[in-house]
Amino acid sequence: MKGKIKSSEFVSQTVIPYVLLAILLLALHWDMSLDLSDDALFKEVLNNKSLLEHIRCLYMETNGKIFPDTMAAIFTYLNPWLWKCVDISMYLVIAVCINLLFASDTHNSVLGFIAVLFIPFSILNSAGWVATSTNYIWSTAGLLLALLPLKYALKPWMFLLCLLGNIYAGNQEQSGAILLTVYIIFIVLKKAGKKPIGRQIWVSIAVAAAGLVVIFTAPGHIQRGNYYSEFRVPDFITLNIGEKLLRGGYINDCQPFIM
């Protein structure tokens, strides 16, 4: 049985790495402009329509991603430092969750620190800093939060926080699909091993599934899919599943690094 960690070890292994990470992230965010690419478009959204009108437009006409694109519209409208502070917090959430989920010693925060450093900051402004962060960084933070019930029996307030992350991640196709897949695999393995499955797990998978149903049945998402199928990837329907995965993987993951 491991003994209690000393306060000096806690500071050196847990607190100091996160503080250093926060300082590094602050330096990286210091001169970020919120006028690039899609950010410039989002900045004008709330000048031309109300927040509710924007949400309705996202669901009915644009892409169905209510939470990421609503956050983008809100934070480009407000003082840039509000977004910078929240964005830094999201990176810290990612670091903490990676440590809690994958580190052998959860008091040692080095793994989460290093993982965040591997995020390719140089390409995160391709669609605008805010638009990219709300769609991908914040969704990743929500995804990792939503995975915590797989490893821990959480107190109600912490589980509620994880459900909020679940809802946010589920409103973005990639993170929602990953989340639901992981939960399904977890439940299958538990059932195969004839092990009990806690109530928090069932609630979490129900929320994850509902999130994907909402976005995939949104009229705006269907319209966007039809547009991409017709004009961007006209042969999409004829591709088999392997070709679709390869095409998607190349476009989303490989292309930014070789262009």
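Thresholds, definitions, all that
- Residues numbered from 1 in each chain as written.
- Predicted model: local features only at pLDDT ≥ 70, side-chain atom pairs only at ≥ 80, totals over all residues.
- Heavy atoms only, no water.
- Helix = DSSP H or I, 4+ residues; strand = E, 2+ residues; numbered from the N terminus.
- Buried < 20%, exposed > 50% of the residue type's maximum accessible area, 1.4 Å probe, protein only.
- Contact = heavy atoms within 4.5 Å.
- Axes fitted to C-alpha atoms, helices over the stretch in contact; angles between N-to-C directions.
- Parallel < 35°, antiparallel > 145°, perpendicular 65-115°, else oblique.
- Left-handed = near helix turned anticlockwise from the far one by under 90°.
- Core = buried A, V, L, I, M, F, W, Y, C linked by side-chain atoms within 4.5 Å.
- 1 Å grid on protein atoms, 1.4 Å probe; cavity = no way out; pocket = protein on both sides within 12 Å on 5 of 7 lines; lining within 4 Å.
- Points joined across faces, edges and corners; volume = space filled by probe spheres on them.
- Nonpolar A, V, L, I, M, F, W, Y, C, P; charged D, E, K, R; others polar.

Draft legend 1. Examining the side chain of H54 more closely. Considering the arrangement of structural elements, one finds H54 in helix α3 (residues 51-62). Among the residues examined, H54 registers a relative accessible area of 4% and is labelled buried. For H54, the residues in contact, after removing those within four places along its chain, are V45, K49, D69, T70 and A73.

Draft legend 2. Examining the packing of helix α5 (residues 80-102) against helix α6 (residues 110-117) more closely. Where α5 contacts α6, the two axes come as close as 7 Å, and the packing angle between them is 130°. Put simply, α5 runs oblique to α6. The handedness of the crossing between α5 and α6 is right-handed. Judged by residue contacts, Y91, I94, A95, I98 and F102 of α5 engage L111, G112, F113, A115 and V116 from α6.

Draft legend 3. Region of the structure containing the nonpolar core. One finds W83, Y91, V116, L147 and L148 to be the most contacted residues of the largest nonpolar core, which totals 55 residues. A total of 11 residues in this core trace back to one element, the largest contributor, which is helix α7 (residues 129-147). Not counting residues up to four positions away in its chain, the partners in contact with L147 are L101, L179, V182 and Y183.

Draft legend 4. A look at the layout of surface pockets. Of the pockets and cavities examined, the second largest pocket occupies roughly 160 Å³. Elements represented by at least two residues in the lining of the second largest pocket include exactly α5, α7 and α8 (156-170). In terms of residue class, the lining of the second largest pocket is built from eight nonpolar, two polar and no charged.

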